[in-house]
Amino acid sequence: MNDSQMKLASEDDENFEFLETIMRFQDGSLSPSEVQELEDAICNNPARKKLFQQVQLRTAAIHDLFRLDAYGRAGKFQEESVADSESIPTSPHAANQSFPSPFSSGRSDISVSRKLIFASLGFAVASLLIAIGLFVRNEVRVDTIAKQDSSSSLPKKSNVILTGEVRARFFDQSVLATGSGVELCRDYMLQSGIVKLNFPSGATTIIEGPSIFQVATENCLVLNTGACSVHAPPGAEGFEVITPVTKVIDRGTRFYVNVQDNNEAEVHVIEGAADLYSTPQKPDDRITTDKPGPAHEEHTEFIQLTDGEAARVGGFHDHIGQKAGFDPQPYRFQLPDRLVSYQASSTVESSVDKLISLKVQRNGLLHQYSAEELIPIEVTWFRSDPEPESNGYMSGTRTPPIRPADWLEDRNLTTGLINFGGQPIPLDRIPDFDSHSNDDSAGPPGLGIRFQNPVVNQAGPDVVLFEVQLYTNPPDGDPFHVYPVSNRTDLKPLTVTKFDLTMNSPSLRELTMLWSHRYPNTAVSLEDLKSYKDSLKVDVSHLHFRVIGVGIDLSEMGYVEGEHVEELFFQHAVSGKASKVDPVFIAGLPLLSPNN
């Protein structure tokens, strides 16, 4: 007996016990507590309620048969009494002739009638019990089948896990959360960004948008269009990638697959080997999960690609594939180093308060740092654009601090110095300026910061910046320039156009309390901000701001690994009335350990 049969037998026993309880209820032998239990079972279980109604109806029908029998016997007795009164004997002889013998045909008719009735009743009761038994069994079977059908219609989660994503945006689907299982045989349409999937065998795939992909089995990826980097370590040999025109079977390797919208596919083997089969397109080709692998049929002929080889399949090329020029550059060994996530505290008044910790990928490895481990900053310069900013220069609580710079130097993710100056095209270099001067005619527009301890340039992000962002503003974050504060000609500004954590990232925190402090004049210095006593305080909490963030790699500004950086300068990178960057937290990352 298998598990399903054992489960079915157990459910049968429970239902027959329920039937016995109903019979005892009809007999009046249930205690008050047992009557209450029966009532609860009927109210909470629709199937048992239906069974109770069926038993009650059939029991009532049996009682009706008994009543008919009783009425029939009463009528027969009345008829006999009338007949007897009309034939009262006038003599003993007459009496002997008038009274029928106990074994006369009349008594025999009544006896036969009763036997027939009781036989009918017995048959009815037996039929009732059989019907109830069949009803219960059918109810259980129907319920089991319904559960199986409903479970089969549910999404089939797999053991293929999404272990990371970078600015991933899916079309017409909820974003896959990091750490969740991917549904089998479901087309995922990745509009932009990158996702990484880990398969149970140990194989990993990094898929880049735009692409359409599907996890056919826990050892097979279908790539309808887009690009994918595959790594199958020892033990994951046999992993498959299927495209509309080819199937790639891994033989222990790293390879890259790129599928065009016209179905042409290129395969580049970075290291190891891979077998390349062509899959003829047929109208009935489908991927199913009732077989060990995909239902595509491939030609028995194949070519094997090894280190540094590439092939192109589809279009006007031979169905087996033709050798192509090898290009290792598109292959991704890992997801980009980046700011991955953050944790923040909350208060009764606000859903977001202080930064607790953050997670970054540096040199391909994930690192988590508490807020206390980060390198704090000091604000050295603030200057707005020439025109007054209608959205203000400070954000935070309703009451501003005595020293405006405190709102960017603290760990609070709702307070900051916002909407400083800039321009769309970065300057070649930041002009020299005196951060202690209050001369409104000198110094560039922007924000200057100094680290309390120098930041050492290492692999991956070295500095993090968080800003508050509105849903109607760019979802990838407000662009900004960041400059080295140095006269060195080998250094250059960096323009950040996309944040690591964007408005589409699933782990962002939303603000429930935020005030904007606005002024009628421009702010040409920190002293100006301090001197403005009567700001217009505007509650913008209802606009659903979120905290987004980005990691900054100092190497992209020309610093070499191991160099110390003490200061940086920021400018917005937009024109006109476009939304400007609104930083609420900036900090340096600590040194990597020697093993990393």
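Computed from a prediction, not measured in an experiment: that's the story for all the values here. (Residues numbered from 1 in each chain as written. Predicted model: local features only at pLDDT ≥ 70, side-chain atom pairs only at ≥ 80, totals over all residues. Heavy atoms only, no water.)

### Some remarks on the pattern of salt bridges
Thought 1: Tallied over the full model, the rule gives 18 salt bridges.
Thought 2: In this structure, Glu309 engages Lys323 in a salt bridge whose closest nitrogen and oxygen atoms are separated by 3.6 Å. Residue Glu309 is located in strand β12 (residues 309-313), and its partner Lys323 is located in strand β13 (residues 322-324); the two are separated by 14 residues in the primary sequence.
Thought 3: Of the residues examined, Lys323 reaches a relative accessible area of 55% and is grouped as exposed.
Thought 4: The shortest N-O distance in the salt bridge between Arg450 and Glu567 comes to 3.7 Å. On the criterion of sequence distance, the pair formed by Arg450 in strand β20 (residues 446-456) and Glu567 in strand β28 (residues 564-572) is long-range, its members being 117 residues apart.
Thought 5: Overall, the relative accessible area of 24% leaves Glu567 in the partly exposed class. (Salt bridge = Lys/Arg side-chain N within 4 Å of Asp/Glu carboxyl O. Helix = DSSP H or I, 4+ residues; strand = E, 2+ residues; numbered from the N terminus. Buried < 20%, exposed > 50% of the residue type's maximum accessible area, 1.4 Å probe, protein only.)

### Examining unusual backbone geometry
Thought 1: Here the amide bond leading from Gly209 into Pro210 is cis, since omega sits at 0°, within 30 degrees of zero.
Thought 2: With respect to the helices, strands and loops of the structure, Pro210 is situated in strand β4 (residues 204-217).
Thought 3: One non-glycine residue, Arg167, lies in positive phi territory at about 50°.
Thought 4: Inspection of the secondary structure puts Arg167 in strand β1 (residues 157-170).
Thought 5: For His544, which is not a glycine, the phi torsion comes out positive at approximately 60°.
Thought 6: Structurally, the position occupied by His544 is in the loop between β26 (536-539) and β27 (546-552).
Thought 7: Accessibility expressed as a relative area gives 40% for His544, which makes it partly exposed.

### Quick word on the sheet that holds strand β17 (residues 377-383)
Thought 1: Taken together, five strands build an open sheet; the order of strands is β17-β20-β28-β22-β23 and the sheet is antiparallel. Only two strands of the sheet have a single neighbouring strand rather than two, namely β17 and β23 (494-496). Between one strand axis and the next, the sheet turns through 25° on average, direction left out of account.
Thought 2: Bridge count between strand β22 (residues 480-484) and β28: five bridges; the pairing is antiparallel. Following the sheet pairing, Pro484 is matched in β28 by Leu568. (Pairing = 2+ DSSP bridges. Axes fitted to C-alpha atoms, helices over the stretch in contact; angles between N-to-C directions.)

### Things to note about the confidence of the model for the chain
Thought 1: When pLDDT is averaged across the chain, the result is 80; 74% of the residues are at 70 or more.
Thought 2: Under a pLDDT of 50 for its full length, residues 74-113 has, in the predicted model, eight contacts with residues more than four places off or in other chains.
Thought 3: Here residues 134-152 scores under 50 on pLDDT; set against residues more than four positions off or in separate chains, the count is 17 contacts. (pLDDT = per-residue confidence, 0-100. Contact = heavy atoms within 4.5 Å.)

### Comments concerning the packing of aromatic side chains
Thought 1: Taken as a whole and judged by the stated rule, the model has 13 aromatic pairs.
Thought 2: An angle of 80° between the planes, with centres 5.4 Å apart, marks the rings of Tyr342 and Phe466 as edge-to-face. A residue pair is termed long-range when its members are at least 10 positions apart, and Tyr342 in strand β14 (residues 338-344) and Phe466 in strand β21 (residues 463-469) qualify at 124 residues. For the pair Tyr342 and Phe466, one class covers both residues: buried.
Thought 3: Pairwise contacts between aromatic rings join Phe382, Tyr393, Phe420 and Tyr519 into one cluster. (Phe/Tyr/Trp six-rings, centres within 6.5 Å; stacked < 30°, edge-to-face > 60°.)

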